[in-house]
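# Residue-level structure breakdown
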Amino acid sequence: MKPDEFRKHAHELVEWMASYMENVENYPVKSPVKPGEIFSEIPDNPPQKAEPFESFMKDLDKIIMPGITHWQSPNFYAYFPANTSPPSVLAEMIISTLGAQCMIWETSPAATELEEKVMNWLKKMIGLPDYFEGVIQDTASTSTLAAIITAREKKSGFSFNEQGAGGCGTIRIYCSEQTHSSVEKAVKISGIGRKNLVKIPVLDDFSMDTHKLREAIEKDKALGYIPACVIATLGTTGTTAVDPLRKTGEICSEYGIHLHVDAAMGGTALILPEFNWMLDGCEYIDSLVFNPHKWMFTNFDCSAYFVKDASSLIRTFEILPEYLKTRTRGKVNDYRDWGVPLGRRFRALKLWSVIRSYGVEGLQEKVREHVRIASELEKMILHESDFELPAPRTMNVVCFRYRPSGYDAEQLNKLNEILNHRLNDTGRIYLTHTSLNGRYTLRMVIAQTNVTMEHVRKAWSLILENARSVSI
Ligand SMILES: *Cc1c(COP(=O)(O)O)cnc(C)c1O
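A few points on the structure.

Here is what the cut-offs are and how they apply
All residue numbers refer to positions counted from 1 along the written sequence of the respective chain. Only residues with pLDDT of at least 70 are given local features in this predicted model, and only at 80 or more are side-chain atom pairs given and counted; all residues enter the totals for whole chains, interfaces and linings. The basis for every side-chain value is the complete set of heavy atoms in the structure, and neither hydrogens nor water enter the calculation. Here a salt bridge means any side-chain nitrogen of Lys or Arg lying within 4 Å of a carboxyl oxygen belonging to Asp or Glu. Put simply, DSSP H or I for four residues or longer makes a helix, DSSP E for two residues or longer makes a strand, and each gets a number counted from the N terminus. Accessible area is worked out with a 1.4 Å probe on protein chains only. A residue is then buried under 20% of its type maximum, exposed over 50%, and partly exposed in between. Throughout, a residue-residue contact means that at least one pair of heavy atoms, one from each residue, lies within 4.5 Å. Two strands pair under a simple rule: DSSP has to find at least two bridges between them. Axis angles are defined between N-to-C directions and span 0 to 180 degrees, where every axis is a line fitted to C-alpha atoms and, for a helix, only to the segment in contact. Nonpolar core, defined: a set of buried Ala, Val, Leu, Ile, Met, Phe, Trp, Tyr and Cys residues in which side-chain atoms within 4.5 Å join the residues together. Here the aromatic set is Phe, Tyr and Trp, taking the six-membered ring for Trp, and pairing holds for ring centres within 6.5 Å; pairs whose planes are under 30 degrees apart are stacked, those over 60 apart are edge-to-face, and all others are tilted. Only lysine NZ and arginine CZ atoms are considered, and such an atom sits over a ring when it is within 6 Å of the ring centre and within 35 degrees of the ring normal. Any pair of nitrogen or oxygen atoms within 3.5 Å is treated as a polar contact; in protein, a donor-acceptor pairing is required on top of that, and neighbouring residues in sequence qualify only through side-chain atoms on both sides. Directions pointing from the helix axis toward each C-beta atom define the arc. Classification remark: right-handed applies to a crossover when, strands pointing away from the viewer, the course from the first strand over the helix to the second runs clockwise. Near is defined per residue: the residue qualifies when any heavy atom it owns lies within 4 Å of the molecule or strand. Accessible surface is estimated by sampling points in the Shrake-Rupley manner with a 1.4 Å probe; for residues, cover comes only from the protein chains shown.

A separate point is the pattern of salt bridges. Applying the stated criterion to the full structure yields 34 salt bridges. Residue Glu92 is joined to Lys350 by a salt bridge in which the shortest nitrogen-to-oxygen separation is 2.9 Å. Placement of the pair is Glu92 in helix H4 (residues 86-98) and Lys350 in helix H13 (residues 348-382), with a sequence separation of 258 residues. For the pair formed by Glu92 and Lys350, the shared burial category is buried. Here Arg329 ties to Asp334 by a salt bridge, and the two come within 3.8 Å at their closest N and O atoms. The class of Arg329 is partly exposed, set by a relative accessible area of 28%. On the basis of relative accessible area, Asp334 is assigned to the buried category, the value being 7%. Sharing partners across several salt bridges, the network here consists of Glu92, Asp301, Arg345, Arg347 and Lys350.

Let us now look at the environment of Tyr407. Following the sequence through the fold, Tyr407 ends up in the loop between strand S9 (397-402) and helix H14 (409-425). Under the relative-accessibility criterion, Tyr407 is labelled partly exposed at 30%. Between the alpha carbons of Tyr407 and Ile472 there is a distance of 9.8 Å; along the sequence they are 65 residues apart. For Tyr407, the residues in contact, after removing those within four places along its chain, are Leu412, Leu415 and Ile472.

Turning next to the sheet that holds strand S6 (residues 287-290). Read across the open sheet, the seven strands follow the order S1-S7-S6-S5-S4-S2-S3; overall the sheet is mixed. Whereas interior strands pair on both sides, the edge strands pair on one side only; in this sheet they are strand S1 (133-137) and strand S3 (197-200). Sheet twist, expressed as the average angle between the axes of neighbouring strands with direction ignored, equals 20°. The sheet contact formed by strand S5 (residues 258-262) and S6 spans three bridges and is parallel. Within S6, the position partnered with Asp262 by the bridge is Val289. Sitting on the sheet, helix H6 (residues 140-155) is in contact with S1, strand S2 (171-176), strand S4 (226-233), S5, S6 and strand S7 (303-307), with an inclination near 155° to S4.

Before going further, it helps to spend a moment on the nonpolar core. Residues Leu122, Val230, Leu279, Ile285, Leu288 and Phe306 are the most contacted members of the largest nonpolar core, which totals 68 residues. By residue number, the principal contributor to this core is H13, which donates eight residues. Beyond its immediate stretch of four places on either side in the chain, Leu279 contacts Ile126, Gly127, Leu128, Leu234, Leu245, Leu270, Ile285 and Leu288.

Below, the discussion takes up the packing of aromatic side chains. Evaluation of the coordinates by the stated rule reveals 14 aromatic pairs. A ring pair is formed by Tyr79 and Tyr430, whose centres lie 6.0 Å apart and whose planes are at 85°; its orientation type is edge-to-face. Here the residue Tyr79 occupies a position in the loop between helix H3 (53-64) and H4, and Tyr430 occupies one in the loop between H14 and strand S10 (432-436), the gap between them amounting to 351 residues. Note on Tyr79: relative accessible area 39%, which makes it partly exposed. A connected cluster of aromatic rings, assembled from ring pairs, spans Trp71, Phe76, Tyr79 and Tyr430. One residue, Arg315, lies across the ring of Phe158, its end atom 3.9 Å from the ring centre. For the cation-ring pair, Arg356 lies above Trp352, with the distance from its terminal atom to the ring centre recorded as 4.6 Å.

Residue classification places Glu92 among the buried positions, given a relative accessible area of 16%. A sequence separation of 261 residues divides Glu92 from Ser353, and the C-alpha atoms of the two residues are 9.5 Å apart. Here the side chain of Glu92 touches Lys350 through a polar contact of 2.9 Å, side chain to side chain.

Another aspect to go through is helix H10 (residues 245-255). Among the residues making up H10, those that are buried are Leu245, Thr248, Gly249, Ile251, Cys252 and Tyr255. Viewed end-on, H10 has its buried residues packed into an arc of 160°, placing them on one side of the element. For H10, the elements touching its buried residues are H6, helix H9 (210-222), S4 and S5. One or two steps after H10, the chain reaches Gly256, where phi turns positive at roughly 65°.

A few words now on the pairing of S4. With seven of eight residues buried, S4 is to be regarded as a mostly interior element. Bridge count for S2 against S4 is four bridges, and the pairing is parallel. If you follow Ile171 over to S4, its bridge partner there is Ile226. Where S4 and S5 come together, five bridges link them in parallel fashion. Directly across from Val230, in S5, lies its bridge partner Leu259. Read as a crossover between parallel neighbours, the route from S4 over H10 to S5 is right-handed.

What surrounds the ligand is a group of 13 residues, the closest being Ala140, Ser141, Asp262, Asn291 and Lys294. Ala140 is positioned such that a nitrogen or oxygen atom in its backbone is 2.8 Å from an oxygen atom of the ligand. At 2.5 Å from an oxygen atom of the ligand is found a side-chain nitrogen or oxygen belonging to Ser141. Surface burial for the ligand is 88%, taken as the share of its 390 Å² of free accessible area covered by protein chains. Of all the secondary structure elements, the ones that give two or more residues to the shell around the ligand are H6 and helix H11 (292-295).

As structure tokens, then:
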């Protein structure tokens, strides 16, 4: 493709992008295709001869679009969001045009220095103490893996990396029963082993019971285990429960345990002063992750990882083959030593674009509005006597359940499951569920970039209408 052809296609593509953004609400939110449907429409063999870009675009519309679930629809209330926004998309176009691979300072000084600066901005925006240093990772899963491996190295005197698991005793990791599955994955990958992940029971509000945490640590110590890391969550995936940071931190500091905070979604709420309370006890934090790629309008992937002590992170991950030796080493940040991958995208650019384009106040307004809409929805649900709220709302997630009289526990689960599928099959909204104390619970996450009260009102009428016509 010559530059002139590129220019022509790019202009057309921008039209395609803008009209997608305008029309995204008209697609079924959750793709209705069946397994294998898309696969069977794509030729088994690659083309031997060059094809025009037009035929690629034609197939994009014909084959691919029906198999897309529309995460950017304001009617998307499932999981947690993976928001994008126009300034983020524009920056992503530049990122791919430059195609810079930002593994070390020399491979693009601007990328490294901008990353350091925007991470400092973010740190201020969420109210973390100034001594924290930040690095952008691909996902919260990777950030948490980095935290757990760092904790492992700190506890083993950096011997695990050298000698493998044999060199030190049995390391133990703690988190609540509501913690995201990425923690379990990280203990598996890090060689610590899943059976050394201790899941602490939660209180009625689904936050970690810190008395039980202390008991578990005491018991492990008596048995000769080595407690290395506690993961506290600010905004759990099921219900956005917030673990008590100060109490958890006091325990960690007493026993010399690394405190990692998973604020993948909830971290965005920290840009609002009314959520500062979640960070009470932040002096105890060793590392924290939050995902601007969830609720902060910066398209996937962009995960912000902050550490109190960058030197132990670097000591854990650094490598220095001959071909990566540079004259600037030690004078600048070489982010390849701050996590798992060597190669790195220029993700700081889209964060820069988003923060500048909205301004901190613009971001705050949007996030605050989402929380307000969630509280309105909560009121609407409380109004209906055949619905219940099985978990308290802390920020922008409302957990609810249809509970008409005359059904037993199992039937109610079935009823809500049918309701969930029926709603998603309408194509008008998309919700996912969680299980709370054995109860099938629907979740509505109010966080999509363009969601308004009007969307939520319509969604709620649709839910009511469908709930009252389901039967088993
Ligand atoms: C979404 C989520 C994760 C995982 O995020 P990725 O960036 O997809 O790895 C981890 N923890 C919590 C609390 C989450 O909500």
